[in-house]
Structures are given as C-alpha cells and as structure tokens.
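Secondary and tertiary structure notes
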Amino acid sequence: MSSTEPQQPPVSAYGGSGPSGPRASFGRRLVASLLDGILVSIVYWIGFAIGGRGLASVVGIIVSLAYFSYFEGSSSGQTIGKKALGIRVIDFATGGALGFGRGFVRWISRILSTIPCFLGYLWMLWDKEKQTWHDKIATSVVVPESAYPVSKWPG
C-alpha cells in the first residue's frame, strides 16, 4: 500500500464492511436494539401500572415513535443504545443525517422487518451492504462511529 492511499479503519472490531465502507456488526446492532427496547419498555410498564394495557400500548407506541424518529433522524443518528455501542445511522448516499421524516419511515418500516420471523433484521447477515429491510426502505445504513464520527458544532 502506498502512502497516498487512504487507510480504511479496521473492520474486524465491527464485524465487516459493505462495498461502500465499514458497517456495524449484527451483534452491536442487536445489543443496541435490546438497550433501546429496555428503555422504551420501562415507559410502557409505567403506563401499564398507571392505566392498564390500553394506556400502556398507546403511550408505548407514541414514546417509541418519538424516541426512534427523533434520535435516529438527528444529526448524530444515535439512540441511547447506539451511542453506548459506538454505532450510528446515516444516509446511505450522502453519509449525513436522515432527518426526522426518514427517521419515522425507518421506525415504521421495522414492522415489515419483524413480521416474517424477524427476517428483515436478519437480512443484513447476507446483504452486501449489511442493510436490514428498514435500512433499505429508509435508504440508511448503520456504521461504526469510529469510522464515521458525529460532526460537532463549531464553537
């Protein structure tokens, strides 16, 4: 390798890369998802304790929608779980933020990823760009933060 070629970050720590760059591993994505699920379920169970199943369901859906749409659509592209695991969601084409609209599309598309026995989530295991179905629908990709750092505001 010549000194003029850009160095790629090591991919072994993250479980692979797609043709267009490093990708977050299935394991990191799974653990981040579990952490986020625990956070959202805490709100669900509080709603359940206060008002029963009906209130808990409504509150759980609203909180989940707001949580994922806001955090994944933000400039960091990180939920609390993703931040803890050092991964983030970015626009596949530009590498920038998704925006809240596409964050919502990604959230609602998780339903499709879940319906056939979580096949949409497992899809990343053999997809060349390591994308789940909801990544593909929202034209997003989940990457290691070390390879695609979050931009900081100047100041």
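This text goes with the structure placed above it.
Note that the coordinates shown come from a computational prediction; the quantities given were computed from them, not determined experimentally. (Residues numbered from 1 in each chain as written. Predicted model: local features only at pLDDT ≥ 70, side-chain atom pairs only at ≥ 80, totals over all residues. Heavy atoms only, no water.)

**Focus on the packing of helix H1 (residues 26–73) against helix H3 (residues 100–114)**
As a packed pair, H1 and H3 sit with axes 12 Å apart at the nearest point and diverge in direction by 70°. One element, H1, and the other, H3, form an angle in the roughly perpendicular class. Here H1 runs over H3; the crossing is right-handed. Facing H1, whose interface residues are Arg29, Ile61, Ser64, Leu65, Phe68, Ser69, Tyr70, Glu72 and Gly73, H3 presents Phe100, Gly103, Phe104, Arg106, Trp107 and Arg110. Class assignment for the residues of the contact of H1 with H3 results in 7 nonpolar, 4 polar and 4 charged. (Axes fitted to C-alpha atoms, helices over the stretch in contact; angles between N-to-C directions. Helix = DSSP H or I, 4+ residues; strand = E, 2+ residues; numbered from the N terminus. Parallel < 35°, antiparallel > 145°, perpendicular 65-115°, else oblique. Left-handed = near helix turned anticlockwise from the far one by under 90°. Contact = heavy atoms within 4.5 Å. Nonpolar A, V, L, I, M, F, W, Y, C, P; charged D, E, K, R; others polar.)

**Some remarks on the pattern of salt bridges**
Tallying each qualifying case throughout the model produces 8 salt bridges. The salt bridge involving arginine 106 is made with glutamate 72; its shortest N-O contact spans 2.8 Å. Highlighted residues: arginine 106 in helix H3 and glutamate 72 in helix H1, separated in sequence by 34 residues. Just as arginine 106 is buried, glutamate 72 falls in that class too. The residue arginine 110 makes a salt bridge to glutamate 72 at a minimum N-O spacing of 2.8 Å. On the criterion of sequence distance, the pair formed by arginine 110 in helix H3 and glutamate 72 in helix H1 is long-range, its members being 38 residues apart. (Salt bridge = Lys/Arg side-chain N within 4 Å of Asp/Glu carboxyl O. Buried < 20%, exposed > 50% of the residue type's maximum accessible area, 1.4 Å probe, protein only.)

**Brief notes about the environment of serine 41**
Relative to the helices and strands, serine 41 is located in helix H1. Put simply, serine 41 and serine 64 are 23 residues apart on the chain and 8.9 Å apart in space, counted from C-alpha to C-alpha. A polar atom in the side chain of serine 41 sits 2.9 Å from the backbone oxygen of isoleucine 38. (Polar contact = N/O pair within 3.5 Å; in protein donor to acceptor, adjacent residues only side chain to side chain.)

**Observations concerning the pairing of strand S4 (residues 140–144)**
With 5 of 5 residues buried, S4 lies mostly within the body of the structure. Strand direction decides the pairing type here: strand S3 (residues 87–91) and S4, joined by 5 bridges, are antiparallel. By the bridge assignment, isoleucine 90 is partnered in S4 with valine 141. (Pairing = 2+ DSSP bridges.)

**A word on the side chain of glutamate 129**
Mapping glutamate 129 onto the fold places it in the loop between helix H4 (119–122) and helix H5 (133–137). Among the polar contacts made by the side chain of glutamate 129, one reaches the side chain of arginine 23 at a distance of 2.6 Å. The residues touching glutamate 129, leaving out its near neighbours within four places in the chain, are Gly18, Pro19, Ser20, Arg23, Phe92 and Val141.

**Considering H3**
The end-to-end C-alpha distance of H3, which contains 15 residues, comes to 22 Å, matching closely the 21 Å that a straight helix rising 1.5 Å per residue would cover. All of the buried residues in H3 are Gly103, Arg106, Trp107, Ser109, Arg110 and Ser113. Looking at the buried side of H3, the elements it contacts are H1, helix H2 (80–85), S3, H4, H5 and S4. (Expected span 1.5 Å × (residues − 1).)

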